Amino acid sequence: MSAIVAAEATALLAAAGWYGLQLVTGAPVLSFWGAVFTLALLLAFASWLYAVAVFLFRGFRWPRAGALVAQLFVLTIGFPTLTGGYPLAGLAMLLPAAVAIVLLFDKRVIRFASRAAGSPPAL
């Protein structure tokens, strides 16, 4: 489960790198500071997803909610991408998100991710 979230964070970081490269090389944008803000959001969301993946791997319970919210965001972007003429990109977003949502509600994941902040590891 945490591997899927980490892979999504890596993909988002790669997208942020590509976006930043386009911004530096002079790709036309309507608002430079708007593009910088978008880049900052991409980087912040990627780092947040990495944190969710790490703490989910450690067995904490709070990252399950963060992972679910991230998957719902991915679904809201993946469906229009799939139907908007980019089926491979849409499937690349939808399939991991669907698997992650199913795994988030799996009994084994719930049992593993039952550690509170001050308690010993779940394993």
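Quantities reported herein were computed from a predicted structural model and do not represent experimental measurements.

Rules of the game
Residues numbered from 1 in each chain as written. Predicted model: local features only at pLDDT ≥ 70, side-chain atom pairs only at ≥ 80, totals over all residues. Heavy atoms only, no water. Helix = DSSP H or I, 4+ residues; strand = E, 2+ residues; numbered from the N terminus. Buried < 20%, exposed > 50% of the residue type's maximum accessible area, 1.4 Å probe, protein only. Contact = heavy atoms within 4.5 Å. Areas by Shrake-Rupley, 256 points an atom, 1.4 Å probe, with all protein chains shown as cover. Expected span 1.5 Å × (residues − 1).

So, the overall build of the protein chain: which residues are in play, and what are the values?
A tally of helices and strands in the protein chain yields five helices and zero strands. The helix and strand sequence of the protein chain, counted from the amino end, reads α-α-α-α-α. On the principal axes, the C-alpha backbone points of the protein chain span a range of 50 × 30 × 15 Å. Considering the protein chain as a whole, with its 123 residues, one finds that 31% of them fall into the buried category. Long-range pairs, those at least 24 residues apart, make up 60% of the contacts in the protein chain with a sequence separation of at least 6. Accessible surface for the protein chain amounts to roughly 7700 Å². Of this, 77% is attributable to carbon and sulfur atoms.

Lay out helix H1 (residues 2-24) with the relevant residues and their values.
End to end, H1 covers 32 Å across 23 residues, agreeing with the expected 33 Å (1.5 Å per residue, within 8%). Taken as a whole, H1 has its buried residues at Ser 2, Ile 4, Val 5, Glu 8, Ala 9, Leu 12, Ala 16, Gly 20 and Leu 23. Among the structural elements, helix H2 (32-57), helix H3 (63-83) and helix H4 (87-104) are those in contact with the buried residues of H1. Downstream of H1 by a residue or two, Gly 26 has a phi angle that is positive, lying close to 95 degrees.

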